[in-house]
Amino acid sequence: MWPVLLAYYTGVATAAGAMIAWSGNKKVGKRKIILFHQEKPLPSCRALLQKRGGQVLKELPLVHALVARLPAEGKVIEELGLHPDIRLIEDDFEVHTVELPATRIRQEKQTIPWGVERIGAPRAWQVAAGEKVKVAVLDTGLDAGHPDLAANVRGTQNIKFPGWRAGDGNGHGTHVAGIIAALNNSFGVVGVAPRAEIYGVKIFNRQGDGYISDIVAGLDWALKNKMQVVNMSFGTSHPSQALEEAVRKCVQAGMVLVAAAGNEGRDDSVLYPARYPGVIAVSAVDKKDNLASFSSRGTEVTVTAPGVDILSTYPGGKYRTMSGTSMACPHAAGVAALILAQDRRLSGRQVARIICRTAIKLPDLSPREQGDGLVNATALAAVARFIGETGTAGEESVG
């Protein structure tokens, strides 16, 4: 289960060098992301748009941009594309989540889900369990009171509806969070990193709808609040300059970004943001180590992880089994938390390199299907070895 961003646009370069992207609907005011040159203060940029009849909806300081509805009539968008202060105008793509059916499970005595067991997480807990590692789940929200999550939930933020509780009326976000960090107690399930600190960042509504700008704002929040790992169980087949820039800045800041490869079920179909450099792109396998029929594949796949019939937490203190690269992604995010719990000096690039070097190659899958292999939680012993190679946690020790 994973959100699909549906957006169709064409790009036209203007004489001033700015790029304009639009959906082609000329009758409705277009919701756009307008990226400005860094030297122009956003308040003056806001005034520029308002002067031309634009309705500013939000600021995206991470990429120095504004989200606005621009008049569909006349040549407002074309004229703004020629303005020297503007470097890019693109659609703020609408997001629609598309979910594979969930199966209800009555869960009492604690069970270790097969995916957590398959990647060797229980053996890793003797070394580290994700202690003091901050993991942001950018998703549909979070049931922060779920008894199998509550002790690990350290905060929530509602990007989609500022000022409101970041609850989860959809279920996707709570399920993803449980795969990462459900508690190791006497009931329910247990996550890959059962002592990691979870932050639920709501960027989709209860129907699973949102915008590219919500994702960018979520990444901005994660960066400002010093998240170490960010789980992104969503994707789009269409690129966004604003999203790419936000991802790049987070990677440069040392964050670990993990994203679902997608459920396109064919070759050369890895979605964005998993497709962007520096992001750990995760495909999905089943209990027999076969590539899931729905899983995207391509050269951008970094690793694979369990993603079929995954049991995890669900809103209302419940449990569900779900399938998708959305479920594979948090397995890898949990392993990143385990690695960082052992050595917090590691950068995001180093963590990604360790995950790749220690992955288990599956004999029946190609690199386009599994990347470097099945993510491996038992690799914690390798962290000290990699650092010991150079005696430093510097970038060169892994990169």
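Preceding this section is the structure that the text describes.
Definitions and limits used
- Here the residue numbering is sequential within each chain, running from 1 through the sequence in written order.
- Only residues with pLDDT of at least 70 are given local features in this predicted model, and only at 80 or more are side-chain atom pairs given and counted; all residues enter the totals for whole chains, interfaces and linings.
- Values shown for side chains rest on all heavy atoms present in the structure; no hydrogens or waters enter the calculation.
- Numbering of helices and strands runs from the N terminus, with a helix taken as a DSSP run of H or I at least four residues long and a strand as a DSSP run of E at least two residues long.
- To sort residues, take the accessible area from a 1.4 Å probe on protein chains only and compare it with the maximum for the residue type: under 20% means buried, over 50% means exposed, and anything in between is partly exposed.
- Residues count as neighbours in contact if any of their non-hydrogen atoms are within 4.5 Å of one another.
- In these tables, accessible area is a Shrake-Rupley quantity obtained with a 1.4 Å probe, and a residue counts as shielded only by the protein chains included in the view.
- Residues belong to a common nonpolar core when they are buried Ala, Val, Leu, Ile, Met, Phe, Trp, Tyr or Cys residues joined through side-chain atoms within 4.5 Å.
- Note on pairing: DSSP must find at least two bridges between two strands before they are called paired.
- Fitted lines through C-alpha atoms serve as axes, helices being fitted only where they are in contact, and the angles separating the N-to-C directions of these axes extend from 0 to 180 degrees.
- Within this document, salt bridges are pairs made up of a side-chain nitrogen of Lys or Arg and a carboxyl oxygen of Asp or Glu, the two lying within 4 Å of each other.
- A helix is expected to span 1.5 Å for every residue after the first.

## Overview of the overall build of the chain
The helix and strand tally for the chain stands at 11 helices and 20 strands. The burial tally for the chain puts 63% of its 399 residues in the buried class. Within the chain, contacts between residues separated by at least 24 positions form 75% of all contacts whose residues are at least 6 apart in sequence. Approximately 15500 Å² of the chain is accessible, and the part contributed by carbon and sulfur atoms is 50%.

## Focus: the nonpolar core
Counting residues in hydrophobic clusters, the biggest one holds 66 residues, and the most contacted among them are Val229, Val258, Ile339 and Ile355. The element that contributes the greatest number of residues to this core is helix α8 (residues 325-342), accounting for 12 residues. Sequence-distant contacts of Val258, defined by excluding residues within four places in its chain, comprise Val229, Val230, Asn231, Met232, Val279, Ile280, Val282, Cys329, Ala332 and Ala333. Of all hydrophobic cores here, the second largest spans 44 residues; its members include Val67, Ala136, Tyr199 and Ala246.

## Examining the environment of Pro41
In this fold, Pro41 is placed in the loop between β4 (30-36) and α1 (42-51). Separated by 23 residues in the primary sequence, Pro41 and His64 have C-alpha atoms spaced 8.6 Å apart.

## Re the sheet that holds strand β10 (residues 134-139)
Pairing in this open sheet of seven strands is parallel, and the strands run β11-β12-β10-β14-β16-β17-β18 from one edge to the other. The strands lining the two open edges of the sheet, one partner per strand, are β11 (153-158) and β18 (303-306). In this sheet, adjacent strand axes meet at a mean angle of 25° when their direction is disregarded. Direction of pairing for strand β17 (residues 280-285) relative to β18: parallel, over a ladder of four bridges. Note on β18: the bridge partner recorded for Val285 is Pro306. Against the sheet, helix α5 (residues 172-181) touches β10, β12 (197-202) and β14 (229-232), its axis set at about 155° to β10.

## Examining the pattern of salt bridges
Within the structure shown, the criterion is met by 16 salt bridges. Note that Asp220 is salt-bridged to Lys224, the shortest N-O span being 3.6 Å. Placement of both Asp220 and Lys224 in helix α6 (residues 212-224) is noted, with a separation of four residues, approximately one turn of the helix. Given the relative accessible area of 9%, Asp220 is considered buried. If you follow the salt bridges from partner to partner, you end up with Lys58, Lys160 and Asp214 in one network.

## Here we look at the sheet that holds strand β9 (residues 103-105)
One open sheet accounts for three strands, arranged β9-β20-β19; its pairing is antiparallel. Every interior strand has two partners, whereas the edge strands, β9 and β19 (310-314), have only one. Going from strand to strand, the sheet's axes swing by 35° on average, the running direction of each strand aside. Relative to strand β20 (residues 318-322), β9 runs antiparallel, the two being bridged by three bridges. Note on β20: the bridge partner recorded for Ile105 is Tyr319. Lying over the sheet, α5 contacts β19 and β20, oriented at roughly 115° with respect to β19.

## Observations regarding α8
Because each turn of an α-helix spans 3.6 residues, side chains separated by three or four positions in sequence point in the same direction. Taking 1.5 Å of rise per residue, 18 residues should cover 26 Å, and α8 covers 27 Å from first to last C-alpha, within 8% of that figure. Judged by how many residues are buried, α8 sits mostly within the fold: 17 of 18 residues are covered.

As far as function goes, none of this settles anything; it's purely spatial.
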